[in-house]
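Architecture and fold: a report
Listed below are the residues making up each chain.
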Amino acid sequence: MERDVFSALADPTRRQMLDLLVRHEQAAGELGRAFPSISQPGISRHLRVLREAGLVRVRQVRRNRYYSLRSERLAEVDAWITKYRGFWGVELDSLEAYLDAKKRTRAEDRS
């Protein structure tokens, strides 16, 4: 069963795990040590969700499992965000104009 990418990314712990995997492949135990307040079964559940969403791949070497990022599924997230990038630019331009006007008003009030 393939999970929804957005549901997998909704959890902050899973997003942090992906942040760690951006740098390099890591063993499950290594990832677990990065989250000392989460039990080993909890770490395993998070990794399973990421795997089922297609966000990570796992490689088994003897008794160790190594996880790495699968960026292909992140393209789906990027495509969704792209629709809103133009909106952010307009909003930031509006904010900049507002702040510039406020700055001019303050300067005029001082003189």
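Each remark here, short or long, concerns the structure printed above.
Quick summary incoming for the structure in this document. Since the model is a prediction, treat every value here as computed from it, not as a measurement.

Along the protein, the regular secondary structure elements total five helices and three strands. Written out in order from the N terminus, the α and β elements of the protein read α-α-β-α-α-β-β-α. Along the three orthogonal principal directions, the C-alpha set of the protein runs to about 75 × 30 × 20 Å. A burial count over the protein gives 25% of its 111 residues as buried. Look at the contacts in the protein between residues 6 or more apart in sequence, and 52% of them connect residues 24 or more apart.

Next up on the list: the pairing of strand β3 (residues 64–69). Where a strand is regular, its side chains alternate between the two sheet faces. With two bridges joining them, strand β1 (residues 26–27) and β3 adopt antiparallel strand pairing. Bridge pairing links Gln-26 to Tyr-67 in β3. Bridge count for strand β2 (residues 56–61) against β3 is six bridges, and the pairing is antiparallel. When the sheet's bridge partners are listed, Val-56 is paired in β3 with Leu-69. Joining the antiparallel neighbours β2 and β3 is a turn of two residues, in which Arg-62 adopts a positive phi near 50 degrees.

This paragraph deals with the sheet that holds β3. For sheets, the rule is that strands pair by backbone hydrogen bonds, running either parallel or antiparallel. Here we have three strands laid out as an open sheet, ordered β1-β3-β2, and antiparallel in their pairing. This sheet does not close on itself; its edge strands, each paired only once, are β1 and β2. Helix α2 (residues 12–23) contacts β1, β2 and β3 of the sheet and is inclined by roughly 90 degrees relative to β3.

Let's shift gears to the layout of surface pockets. The space that makes up the largest pocket amounts to roughly 300 Å³. As for the largest pocket, its lining consists of 15 residues, of which Ala-28, Gly-29, Gln-40, Ser-44 and Leu-47 are closest to the centre. Of all the secondary-structure elements, those providing two or more residues to the lining of the largest pocket are α3 (28–33), α4 (40–52) and β3. Top contributing element to the lining of the largest pocket by residue count: α4, with five residues.

So, about the side chain of Arg-73. Following the sequence through the fold, Arg-73 ends up in the loop between β3 and α5 (74–110). For Arg-73, the contacting residues outside a window of four places in its chain are Glu-2, Arg-3, Val-5, Ala-53, Gly-54 and Leu-55.

At their nearest, the axes of α2 and α4 sit 10 Å apart, and the two run at 75 degrees to each other. Here α2 is positioned roughly perpendicular relative to α4, judged by the angle of their axes. For the pair α2 and α4, contact is made by Thr-13, Arg-14, Met-17 and Leu-18 and by Ile-43, His-46, Leu-47, Val-49 and Leu-50, respectively.

Glancing now at the environment of Val-61. As for its placement among the helices and strands, Val-61 is situated in strand β2. Assessed through its relative accessible area of 26%, Val-61 is described here as partly exposed. Sequence-wise, Val-61 and Ala-27 are 34 residues apart; in three dimensions their C-alpha atoms are separated by 9.8 Å.

Conventions and cut-offs
- Residues numbered from 1 in each chain as written.
- Predicted model: local features only at pLDDT ≥ 70, side-chain atom pairs only at ≥ 80, totals over all residues.
- Heavy atoms only, no water.
- Helix = DSSP H or I, 4+ residues; strand = E, 2+ residues; numbered from the N terminus.
- Buried < 20%, exposed > 50% of the residue type's maximum accessible area, 1.4 Å probe, protein only.
- Contact = heavy atoms within 4.5 Å.
- Pairing = 2+ DSSP bridges.
- Axes fitted to C-alpha atoms, helices over the stretch in contact; angles between N-to-C directions.
- 1 Å grid on protein atoms, 1.4 Å probe; cavity = no way out; pocket = protein on both sides within 12 Å on 5 of 7 lines; lining within 4 Å.
- Points joined across faces, edges and corners; volume = space filled by probe spheres on them.
- Parallel < 35°, antiparallel > 145°, perpendicular 65-115°, else oblique.

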